[in-house]
Amino acid sequence: KHLQLVSGLSQIMYWAANYFWDVANYLVIVIGTMLIFRAYDDKDLTGDPESLQSVFLLFLLYGMASIPQAYCLSFLFENHTTAQISIAGILFVVGFLLVVTSALLDGLSGTMELNRELKFYYRFSPAFCFGEGLINQSVRRLRNLLLGENVSPWDEEVLGRS
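In this report, we go over the structure that sits alongside the text.

Rules of the game
Residues numbered from 1 in each chain as written. Predicted model: local features only at pLDDT ≥ 70, side-chain atom pairs only at ≥ 80, totals over all residues. Heavy atoms only, no water. Helix = DSSP H or I, 4+ residues; strand = E, 2+ residues; numbered from the N terminus. Contact = heavy atoms within 4.5 Å. Areas by Shrake-Rupley, 256 points an atom, 1.4 Å probe, with all protein chains shown as cover. Salt bridge = Lys/Arg side-chain N within 4 Å of Asp/Glu carboxyl O. Buried < 20%, exposed > 50% of the residue type's maximum accessible area, 1.4 Å probe, protein only. Expected span 1.5 Å × (residues − 1). Polar contact = N/O pair within 3.5 Å; in protein donor to acceptor, adjacent residues only side chain to side chain. Phe/Tyr/Trp six-rings, centres within 6.5 Å; stacked < 30°, edge-to-face > 60°.

When you go through the protein chain residue by residue, the secondary structure sums to eight helices and zero strands. Across its three principal axes, the protein chain shows a C-alpha extent of roughly 65 × 40 × 25 Å. For the protein chain, restricting intrachain contacts to residue pairs at least 6 apart in sequence, the fraction spanning at least 24 positions comes to 55%. A total accessible area of about 10,600 Å² is found for the protein chain, and carbon and sulfur atoms account for 68% of it.

Scanning the entire structure with this criterion turns up nine salt bridges. Among the ionic pairs, Lys43 bridges to Asp41, the shortest N-O distance being 2.9 Å. Accessibility expressed as a relative area gives 40% for Lys43, which makes it partly exposed. The residue Lys119 makes a salt bridge to Glu132 at a minimum N-O spacing of 3.7 Å. On the criterion of sequence distance, the pair formed by Lys119 in helix α6 (residues 112–122) and Glu132 in helix α7 (residues 126–146) is long-range, its members being 13 residues apart. Overall, the relative accessible area of 10% leaves Glu132 in the buried class. Overlapping salt bridges bring together Asp106, Lys119, Arg123 and Glu132 as one network.

This brings us to helix α4 (residues 49–74). Over its 26 residues, α4 extends 37 Å from the first C-alpha to the last, a length consistent with the 38 Å expected when each residue adds 1.5 Å. Along α4, the residues classified as buried are Ser51, Ser54, Val55, Leu58, Phe59, Leu60, Tyr62, Gly63, Ser66, Ile67 and Tyr71. Two or three places before Glu50, at the opening of α4, Asp48 has a side-chain oxygen 3.1 Å from that residue's backbone nitrogen.

Turning our attention to the packing of aromatic side chains. Under the counting rule described, the total for this entry stands at 11 aromatic pairs. Taken together, a centroid distance of 5.7 Å and an interplanar angle of 70° make the contact between Tyr19 and Phe20 edge-to-face. Since its relative accessible area comes to 18%, Tyr19 is described here as buried. With a centroid separation of 5.1 Å and 85° between ring planes, the pair formed by Phe120 and Tyr121 is classed as edge-to-face. Given a relative accessible area of 53%, Phe120 falls into the exposed group. Its relative accessible area of 55% is what places Tyr121 among the exposed residues. Connected via pairs of aromatic rings, a cluster forms that spans Tyr14, Trp15, Tyr71 and Phe75.

Printed below as a string of structure tokens:
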């Protein structure tokens, strides 16, 4: 970073270049993940072209949202190795806990309204949106099979709010 700034590169160009490089690297991981889902013939997430496209977009948007979040959180640390490990852990734990908390609160009749209000705040976490979107996408196929519904992966209750 120091060499780039000393050479005259503006801060905006520095962060933009880092962001696009990180998104490009993340895109390789997303494509690999989609190929693995297809190789294992995952019907819920990639069973039809519409599901594959929606899950690909969910993965892509998660990365595009969590990368800047990680940049902002990195300023809380002095050591880059500690920052990387801590931020990955924080994003995983926060995302996991918020998704589980939301599912539990939705399951209890007395807390459903509270959870509806809390979800507004949960959605500030890209990890929550990602986890909720994956769960909704997986449940969509069951709803279509068992309940006879015709829910699209693009419907608001599936990926629209995530």
